[in-house]
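# Secondary and tertiary structure notes
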Amino acid sequence: MANQKAEQNIADFDPPKRPKRNIFAISCAVLASMISILLGYDFGVMSGAAIFIQDDLNLSDVQIEIVNGSLCVFSLIGSAAAGRTSDWIGRRYTIVLSGVIFFAGALLMGFATNFSFLMFGRFVAGVGVGYALMIAPVYTSELSPASSRGFLSSFPEVFINFGLLLGYVSNYGFSKLPVRLGWRLMLGVGALPSAIFAIGVFAMPESPRWLVMQGRLGEAKRVLNKTSDTPDEANLRLADIKEAAGIPEHCTDDVVQVPKRSHGEDVWKELILHPTPAVRHILIAGIGIHFFQQASGIDAVVLYSPRIFAKAGITSSDKKLLATVAVGFCKTVFILVATFFLDRVGRRPLLLSSAGGMILCLGSLGLCLTIIDRSQEKVMWALVLSIVLVLALVSFFSIGMGPIAWVYSSEIFPLKLRAQGASIGVAVNRTMSGVISMTFLSLYEGITIGGAFFLFAGIATVGFVFFYTMLPETQGRTLEDMQVLFGKYHKWRAANALLKNKEVVNGGDKGNGQVQLGEA
């Protein structure tokens, strides 16, 4: 008996086993995130299609900038409307709406006969993209257990990159067709996946957080039981959501009356006009991470990589498109790497490593392109190094800044403010993407292409400082822990230490009288 008791006491100190991945939650996250392929495909396909559109429709460089960047600007309408729409009809049906709108936009672009017709198609498709960009990260973060939230919430960025690669491959494949037909097929085939995704969404459950906000506790509990690692976690998540929604703990009916219904009322006042210190810090962090993600120039590389390779010295159209496919391949591979490290390494180490690598690549690329630009002869070593640096740049982006911007901004906002807060992040992201996309050609003509990349390197450096000082680590934190973690701005480390100490003390309490390691 004594030996058994000793073995039991020793077993109490064993670290808990890591729970297995929840297959149902992963499946739902995959289905929801696949809608993000639409944005990636459109960006990827436009990088090559723009070459043929310019020839076929006789467009100027400024018009090409407008065509490329307008989708980001138009997506602001969708992202602005998506927060309120998702609170009204639910997260799932908002994803369906996104697919339907993009389907119509892709068909309109494919049948465009002039610049105005093409821009109308870009407008419709942009609204659909705005909806998709906002709702996919919100849905996956609300459905995911804490142990896999980073892994699952990075799926939208994974599928954006997969769509980007498909767009680049489509460019290369359809480039062999007559110019008038090739670019139309490049744009038009984007309608097919949007229809498939919109139908597939009906196999997914509604977000448990949205269900609770509607007072549908019975349905929310069933969803949480399916998407949590353990029954205890499901109960804990339900209790946290009920508390955040203002539902008393003793209310256990399947349908209850919610004190305040979340259809957007007073949310903007709490988010913008009179935020608490924690909400203000969260808002600054959410806006900042999206701003620097795009202001560092990644979309200039994604959209104008054929132009960049041409400036580096590649003259063959086939070779430029093949090099662009390599960009998409690297971006997709490294986003998959990041997906598996988000919940193991944490957000901050990946984000800071990513930003540091991008600064190095952007500065070096600027130097190489400046040397090529000022040389009268072809500088082969600089050409090869420029290609390598472009591939390294998108790889560094994909291991951190790419996925973490979406994961981080979708997991830090309080429940009541989450949809609108995420839509603000998307609006900032798309605004900066539009600014970069619509000015890059003019920018490099004004300050040289090397100067443009030196500018991006400077912006990325400021972003690195912002990330280091203002963004706390959120790995393993519940969505409700964020209220404690945020609000201290650059002094967030004190709050983080407090939460860690609390976890250790609580862990000691569970040890049936064992020593509490968190106490001095």
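The following paragraphs examine the structure supplied in this document. (Residues numbered from 1 in each chain as written. Predicted model: local features only at pLDDT ≥ 70, side-chain atom pairs only at ≥ 80, totals over all residues. Heavy atoms only, no water.)

## A look at the overall build of the chain
Note the threshold: By definition, any uninterrupted DSSP run of H or I lasting at least four residues is a helix, any uninterrupted run of E lasting at least two residues is a strand, and each is numbered from the N terminus. Only protein chains enter the accessibility calculation, which uses a 1.4 Å probe; a residue whose area is less than 20% of its type maximum is buried, one above 50% is exposed, and one in between is partly exposed. The contact criterion used throughout is that any non-hydrogen atoms of two residues lie within 4.5 Å. For the accessible areas, the method is Shrake-Rupley and the probe is 1.4 Å, while residue cover comes only from the protein chains on display.
Check the secondary structure of the chain and you find 24 helices and 0 strands. Per-residue burial over the chain gives 58% buried out of 520 residues. In the chain, once contacts between residues fewer than 6 apart in sequence are set aside, the share between residues at least 24 apart is 81%. Accessible area of the chain: about 21300 Å², with a carbon and sulfur share of 66%.

## A look at the packing of aromatic side chains
Just so we agree on the cut-off: Planes of paired rings set the category: under 30 degrees apart is stacked, over 60 is edge-to-face and the rest tilted, where pairs are Phe, Tyr or Trp rings (Trp by its six-membered ring) whose centres lie within 6.5 Å.
Applying the stated criterion to the full structure yields 12 aromatic pairs. A ring pair is formed by Tyr93 and Phe202, whose centres lie 6.0 Å apart and whose planes are at 65°; its orientation type is edge-to-face. Taken as a pair, Tyr93 in helix α5 (residues 91-110) and Phe202 in the loop between α10 (191-200) and α11 (208-213) lie far apart in primary sequence, 109 residues in all. Judged by relative accessible area, which is 46%, Phe202 ranks as partly exposed. Relative to Phe440, the ring of Tyr304 lies with its centre 5.6 Å away and its plane at 25°, an arrangement referred to as stacked.

## Concerning the side chain of Ser207
Put simply, the test is: N or O atoms within 3.5 Å of each other form a polar contact, as long as, within protein, one can give a hydrogen and the other can take it, and as long as residues adjacent in sequence are counted only when both atoms are side-chain atoms.
With respect to the helices and strands, Ser207 occurs in the loop between α10 and α11. Here Glu142 takes part through its side chain, which lies 2.5 Å from a polar atom of the side chain of Ser207. Not counting chain neighbours up to four residues away, the residues in contact with Ser207 comprise Arg91, Tyr139 and Glu142.

## Brief notes about the packing of helix α3 (residues 37-57) against helix α9 (residues 179-188)
Going by this rule: Think of each axis as a best-fit line through the C-alpha atoms, taken over the contacting stretch in the case of a helix, with angles from 0 to 180 degrees between the N-to-C directions. Here roughly perpendicular refers to angles of 65 to 115 degrees, roughly parallel to angles under 35, roughly antiparallel to angles over 145, and oblique to all remaining angles. Take the far helix as the reference: if the near one is turned anticlockwise from it by less than a right angle, the crossing is left-handed, and if turned clockwise, right-handed.
Where α3 contacts α9, the two axes come as close as 9 Å, and the packing angle between them is 160°. Comparing the axis directions of α3 and α9 gives the class roughly antiparallel. Viewed along their axes, α3 and α9 form a crossing whose handedness is left-handed. Here Tyr41, Val45, Met46, Ala49, Phe52, Ile53, Asp56 and Leu57 of α3 come into contact with α9, specifically with Val179, Arg180, Trp183, Arg184, Leu185, Met186 and Leu187.

## Looking at the pattern of salt bridges
Cut-off, in case you're wondering: Throughout this description, the term salt bridge denotes a Lys or Arg side-chain nitrogen within 4 Å of a carboxyl oxygen of Asp or Glu.
In this structure the tally under the stated criterion is 9 salt bridges. Asp42 is paired through a salt bridge with Arg122; the nearest N and O atoms lie 2.9 Å apart. With a gap of 80 residues between them, Asp42 in helix α3 and Arg122 in helix α6 (residues 115-143) connect regions that are remote in the sequence. With a closest N to O distance of 3.9 Å, Asp56 and Arg184 form a salt bridge. Taken together, the positions of Asp56 in helix α3 and Arg184 in helix α9 put the pair 128 residues apart, joining distant regions of the chain. Both residues of the pair, Asp56 and Arg184, count as buried. Overlapping salt bridges bring together Asp56, Arg180 and Arg184 as one network.

## Section: the packing of α3 against helix α8 (residues 155-174)
The condition is simple: Throughout, the ten residues Ala, Val, Leu, Ile, Met, Phe, Trp, Tyr, Cys and Pro are labelled nonpolar, Asp, Glu, Lys and Arg are labelled charged, and all others, Gly among them, are labelled polar.
With their axes 6 Å apart at the nearest point, α3 and α8 run at an angle of 30° to one another. The orientation of α3 with respect to α8, classified from their angle, is roughly parallel. Pair α3 / α8 crosses with right-handed handedness. Of the residues in α8, those touching α3 at Ile37, Leu39, Gly40, Tyr41, Phe43, Gly44, Val45, Ser47, Gly48 and Ala49 are Phe159, Ile160, Phe162, Gly163, Leu164, Leu166, Gly167, Tyr168, Ser170 and Asn171. Of the residues assigned to the contact of α3 with α8, the class counts are 12 nonpolar, 8 polar and no charged.

## Quick notes on the nonpolar core
What tends to happen in soluble globular proteins is that the nonpolar side chains get buried as a cluster. The cut-off we apply is this: In these notes, a set of buried Ala, Val, Leu, Ile, Met, Phe, Trp, Tyr and Cys residues joined through side-chain atoms within 4.5 Å is what counts as a nonpolar core.
Residues Trp183, Phe440, Phe453 and Phe467 are the most contacted members of the largest nonpolar core, which totals 152 residues. Among the elements that make up this core, the one with the highest residue count is α6 (15 residues). Leave out the neighbours within four places in its chain, and Trp183 touches Ala49, Phe52, Ile53, Asp56, Leu57, Met109, Ala112 and Leu118.

## Some remarks on empty space enclosed by the protein
Inclusion rule: Buriedness for pockets is judged along seven lines, at least five of which must meet protein on both sides within 12 Å for an open set on the 1 Å grid over protein atoms alone, while cavities are sets there where a 1.4 Å probe fits but cannot get out, and lining residues have an atom within 4 Å of a point. Grid points are joined across faces, edges and corners, and a volume is the space filled by probe spheres set on the points.
Considering all chains together, one arrives at 3 cavities of 30 Å³ or more under this definition. Computed from the structure, the largest cavity encloses a volume of approximately 170 Å³. When residues of the lining of the largest cavity are traced back to their parent elements, those giving at least two are α3, α8, α15 (277-295) and α16 (298-312). Here the lining of the largest cavity is built from residues that sort into 8 nonpolar, 3 polar and 4 charged. Each pocket or cavity is described by its volume, and for the second largest cavity that value is around 40 Å³. Within the residue set of the lining of the second largest cavity, elements represented by two or more residues are α6, α20 (401-411) and α21 (418-447). Here the lining of the second largest cavity is composed, by residue class, of 6 nonpolar, 4 polar and no charged.

## Things to note about α9
Three or four residues apart is the spacing at which side chains of an α-helix point the same way, because the helix has 3.6 residues per turn. Those residues of α9 not exposed but buried are Gly182, Trp183, Arg184, Met186 and Leu187. Looking at the buried side of α9, the elements it contacts are α3, α5, α6 and α8.

Read these as spatial facts, not as claims about activity.
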